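# Observations on chain architecture
Given next are the chains, with one letter for each unit.
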Amino acid sequence: MAQVSLQNVSKIYKGGIKAVDNINLGVENKEFMVLVGPSGCGKSTTLRMVAGLEDVSKGKIWIGDRLVNEVPAKDRDIAMVFQNYALYPHMTVYENMSFGLKLRKYPNDEIQRRVHDASEILGIKHVLTRRPKQLSGGERQRVALGRAIVRKPQVFLFDEPLSNLDAMLRVQMRTEIHKLRLRLQTTFIYVTHDQTEALTLGDRIVVMQGGEIQQCADPLTIYDKPANKFVAGFVGSPPINVMDGKIIKKERKYYFEEGRFKVKIVEEMHKKLSSYEGKEVVFGIRAEDIYDKLFVSEASEENTVRAACEVVEPLGSEVYLYLNTGKNTFIARVGAHNRPEVNRDMDVVFNMSKVHFFDRETEKTII
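Everything in this summary refers to the structure shown in the same document. In this text the structure is predicted, and so the values were computed from the model without any measurement.

Within the largest apolar cluster, 45 residues are counted, with the highest numbers of intra-cluster contacts made by Met 97, Leu 145, Tyr 190 and Val 207. Considering every element that reaches this core, the biggest residue donor is helix α4 (residues 137-149), with five residues. Not counting residues up to four positions away in its chain, the partners in contact with Tyr 190 are Phe 32, Met 33, Val 34, Leu 35, Phe 158, Pro 161, Leu 162, Ile 177, Glu 197 and Leu 201. Judged by nonpolar contacts, the second largest core, of 30 residues, contains Val 263, Phe 330, Met 346 and Val 348.

Next comes the structure, spelled out in C-alpha cells:
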C-alpha cells in the first residue's frame, strides 16, 4: 500500500516566511494526484517535503504506515522526476538508468532486466548507448522517467517534468505519462503550474495559493464547482469572466445588475442569493457559456447583453470574441463559423444556469 498523508504540514523559512501553511492532504493508493498553482504557491515545496529534500517545520508526513519526517530521502522508497531531468552528462542512458540500482547493490542480471523493461515501455531501447547531450528534450525526459521506473518505488513524484518541452511534445508526453500510470498501477504525485496538465492527468487536483490548499477535488468538480474566485479564475482557458455588480429583486424575480446591463437569475439560485439582495457580489461566467444571439434559436431579452466586439481572434476550430459593455470586458468562445464585425455592437446570450456568484469580501463561492 502506498498512501501518502500530510497532517497539519507547514514549511517556515528564516524570517517567519511560510512557504506551506498547515496543509492536510491524503493521497490514496494508486491515485494520480496533481498539485497546481501559480509560482510561489508552495506546491514544489510540498513535494520536496514528501521526497525528503526539505525538512518539515511542523506536522507529520506518512508514506504507507510509516512516519517519514526523520527518514532520509534515499530510504523513503520514492522516485522523483525533476524539471531539468538531472541526468549525469558523462554517463550513457543505460548507466543513468541503472545508477541508482547499482548503488543499492542489485545483481547485474536484475539491473539489466529492469533497464530493458523500462526502456521497452518508454521506447528508448535504441538510445541506451548514447549520452544525454545526444538526445532530444523528449528523449531526455523519457530517460528521466526510465530512471524512476527501474526503482519500482511505492510513490512517483514529478516536479514540473514537462515545462522545458515545446507545446507539441508536452501533449505527447502527457499521453505517455497517462499510459505509464495505467501500466504501473502505483501512486503518483505530480506538480505543475499548467492547469491543462492538471485537468487531463489528475484523478484529483489540489489547487494551491499562498501556501494553502484552496480546493481538492476531481477535475470536473474543480471546473464546474470552484470553491472560490481564485480557483475559478486559475482553472480554465481562457480564464473565467468576472464582473462586479449587485443582486436586485423585482416582482419576485432576482437579477444581476452590472451597471450597463441586467440579467435574470435562474430560480434554482434564488434561495442561496436571497441574503445578498441589494448587495455587491462578483459575477462569473465562462467563455463557452456566452453565445452570439444570431446563432441561438430561443433567447430571452432577460439574459441578453449588448456589447461592443473589440477583437475577433480565430483559433482554428473556435473563435474568441473580446467584448466590452462599457464597464467590463469579457471573452466569448464561439464556433469557427462565427465572425462578427469588429468595432460593432452585438447581442450575446448568457447561459444563466452555468454562472457563478462569489462573495465580494471573502471571494468564496456563493453558488
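Let's pick the thread back up.
What follows covers α4. Taking 1.5 Å per residue, 13 residues should reach 18 Å; α4 reaches 18 Å between its end C-alpha atoms and fits that length. Buried within α4 are the following residues: Gly 138, Glu 139, Gln 141, Arg 142, Val 143, Ala 144, Leu 145, Gly 146, Arg 147, Ala 148 and Ile 149. If you follow the buried residues of α4, they end up packed against β6 (78-81), α2 (93-103), α3 (108-122), β7 (155-159) and α5 (167-184).

Next up on the list: the packing of aromatic side chains. The full count for this structure, using the stated rule, is 15 aromatic pairs. Between the aromatic rings of Tyr 88 and Phe 99, the centroid separation amounts to 5.1 Å while the plane-to-plane angle is 65 degrees, which identifies the pairing as edge-to-face. Taken together, the residues Tyr 88 in the loop between β6 and α2 and Phe 99 in helix α2 connect sequence positions 11 residues apart. For Phe 99, a relative accessible area of 26% gives the class partly exposed.

Attention now goes to the environment of Arg 151. Within the element layout of this structure, Arg 151 appears in the loop between α4 and β7. The spacing of Arg 151 and Leu 101 is 50 residues in sequence and 6.9 Å in space, taken between C-alpha atoms. Once residues within four sequence positions are removed from consideration, Arg 151 is found in contact with Ile 78, Ala 79, Leu 101, Arg 104 and Arg 114. Side-chain polar atoms of Arg 151 contact the backbone oxygen of Ile 78, separated by 2.7 Å.

Turning our attention to the state of the cysteines. A disulfide bridge is the covalent bond that connects two cysteines by way of their sulfur atoms. Enumeration over the complete set of coordinates arrives at zero disulfides. Unpaired in terms of disulfides, Cys 41 finds its nearest cysteine sulfur in Cys 216, a separation of 14 Å.

Here we take up the pairing of strand β2 (residues 17-27). Where strand β1 (residues 4-13) meets β2, seven bridges bridge the pair, whose relative direction is antiparallel. If you follow Tyr 13 over to β2, its bridge partner there is Ile 17. Linkage of β1 to β2, two consecutive antiparallel strands, is achieved through a turn of three residues, within which Gly 15 is found at a positive phi near 90 degrees.

Here the focus is the packing of α2 against α3. For the pair α2 and α3, the least separation of the axes is 10 Å and the interaxial angle reads 135 degrees. In this view, α2 runs oblique relative to α3, as classed from their interaxial angle. The two elements α2 and α3 meet at a crossing, and its hand is right-handed. Contacts between α2 and α3 involve Tyr 94, Met 97, Ser 98, Leu 101 and Lys 102 from the first element and Ile 111, Gln 112, Arg 114, Val 115, Ala 118 and Ser 119 from the second. Among the residues forming the contact of α2 with α3, the class breakdown is six nonpolar, three polar and two charged.

How each quantity is defined
- Residues numbered from 1 in each chain as written.
- Predicted model: local features only at pLDDT ≥ 70, side-chain atom pairs only at ≥ 80, totals over all residues.
- Heavy atoms only, no water.
- Core = buried A, V, L, I, M, F, W, Y, C linked by side-chain atoms within 4.5 Å.
- Buried < 20%, exposed > 50% of the residue type's maximum accessible area, 1.4 Å probe, protein only.
- Helix = DSSP H or I, 4+ residues; strand = E, 2+ residues; numbered from the N terminus.
- Contact = heavy atoms within 4.5 Å.
- Expected span 1.5 Å × (residues − 1).
- Phe/Tyr/Trp six-rings, centres within 6.5 Å; stacked < 30°, edge-to-face > 60°.
- Polar contact = N/O pair within 3.5 Å; in protein donor to acceptor, adjacent residues only side chain to side chain.
- Disulfide = S-S within 2.5 Å.
- Pairing = 2+ DSSP bridges.
- Axes fitted to C-alpha atoms, helices over the stretch in contact; angles between N-to-C directions.
- Parallel < 35°, antiparallel > 145°, perpendicular 65-115°, else oblique.
- Left-handed = near helix turned anticlockwise from the far one by under 90°.
- Nonpolar A, V, L, I, M, F, W, Y, C, P; charged D, E, K, R; others polar.

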